Amino acid sequence: MKRMMNITKVILSIMLFFYFTSAGAQKKSVQEYKVKWKNISVLVYTKNGKGYIHDNRAACTAAIQEIGKQQGFKVDVSDDAASMTEDNLKKYTLVIFNNTNNETFDTDEQKVAFMRYVQAGGGFVGIHSATGSERQWPWFKRLIGASFLRHAKHQPFKEIIIDDTHPSTSFLPKIWQRDDECYFFKEYNPDIHVLIVHDLPPLDDKDKPAYYGGTSSPSVWCHEFDGGRQWYTSLGHDSATYAEPEFQKHILGGIIWVIGKNKPLDYSKARAKSPDDPLPY
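Residues numbered from 1 in each chain as written. Predicted model: local features only at pLDDT ≥ 70, side-chain atom pairs only at ≥ 80, totals over all residues. Heavy atoms only, no water.

Chemist: Account for unusual backbone geometry, naming residues and giving values.
Modeler: The residue Glu134 is not glycine, and still its phi comes out positive at about 45 degrees. Counting through the fold element by element, Glu134 comes out in the loop between strand 4 (123-127) and helix 5 (138-144). Owing to a relative accessible area of 1%, Glu134 belongs among the buried residues under this scheme. Look at Asn262: it is not a glycine, yet its phi comes out positive at around 55 degrees. Along the polypeptide, Asn262 turns up in the segment after helix 6 (245-259). Judged by relative accessible area, Asn262 falls into the partly exposed class, the value being 27%. (Helix = DSSP H or I, 4+ residues; strand = E, 2+ residues; numbered from the N terminus. Buried < 20%, exposed > 50% of the residue type's maximum accessible area, 1.4 Å probe, protein only.)

Written out as structure tokens, the structure is:
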């Protein structure tokens, strides 16, 4: 009997060792991700169509430039849809839609070039109002993960981290206190992996979403769509937010995940011919 108890203790110790080892391996700090930053080039895209334009774009751009300086990657900035050509996009590891809104492309040719970039493995990051971009284009809404519906009035609210192993969340407290616009969405891509949700019960808003039982709704997510990787955060209305080290780390974590193994673009997988090509699903 004593021998059996000793064997049981040994087995239990081994199980606990592997459990905590694997858990620790899953939850890494952003510094632990091995990225060859000198090989990374990022395009920060800020074009807006007719309608509301956020005044936070300069602050967001400055934050990404600061992140690039710290990590050692190249950052280009453009508000010109003419930058959306195949030859130009080939230069970038990922494209960041920085608070874009409304119509962000001028021509179908630009849209197809962007589709082909994603299909070749190009990465995409969307920040705050980027979900208000291209609201009539089904492919783009699938890419970014959802389409902006409305937001509650600006106020303090709680964000709940539901995946704390992701590089954009692993350093955050379980309850992340924010003072921002609480975004609500429609037309979700069913494949998104939700990382953070809004805590709805305490929120001051008379028309809280009824989906998800009315207790929470998606705020930050990631997924893979049509050949590339995508990450989106709904937070970041205020210019001052982008100067917060914690929020910069949040964006950096999204960039890290989108980069992944940093495989080179493979345009043999790009097949788009029209913005209205059939969706993959």
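Chemist: Let's hear about the layout of surface pockets: which residues, and what values?
Modeler: Roughly 590 Å³ of volume is contained in the largest pocket. What lines the largest pocket is a set of 26 residues, and nearest its centre among them are Gly121, Gly227, Ile259, Asn262 and Lys263. For the lining of the largest pocket, the secondary structure elements donating two or more residues are strand 10 (216-225), strand 11 (228-233) and helix 6. Residue composition of the lining of the largest pocket, by class: seven nonpolar, 11 polar and eight charged. In this structure, the second largest pocket encloses a volume near 210 Å³. For the lining of the second largest pocket, a count of residues per class yields six nonpolar, four polar and four charged. (1 Å grid on protein atoms, 1.4 Å probe; cavity = no way out; pocket = protein on both sides within 12 Å on 5 of 7 lines; lining within 4 Å. Points joined across faces, edges and corners; volume = space filled by probe spheres on them. Nonpolar A, V, L, I, M, F, W, Y, C, P; charged D, E, K, R; others polar.)

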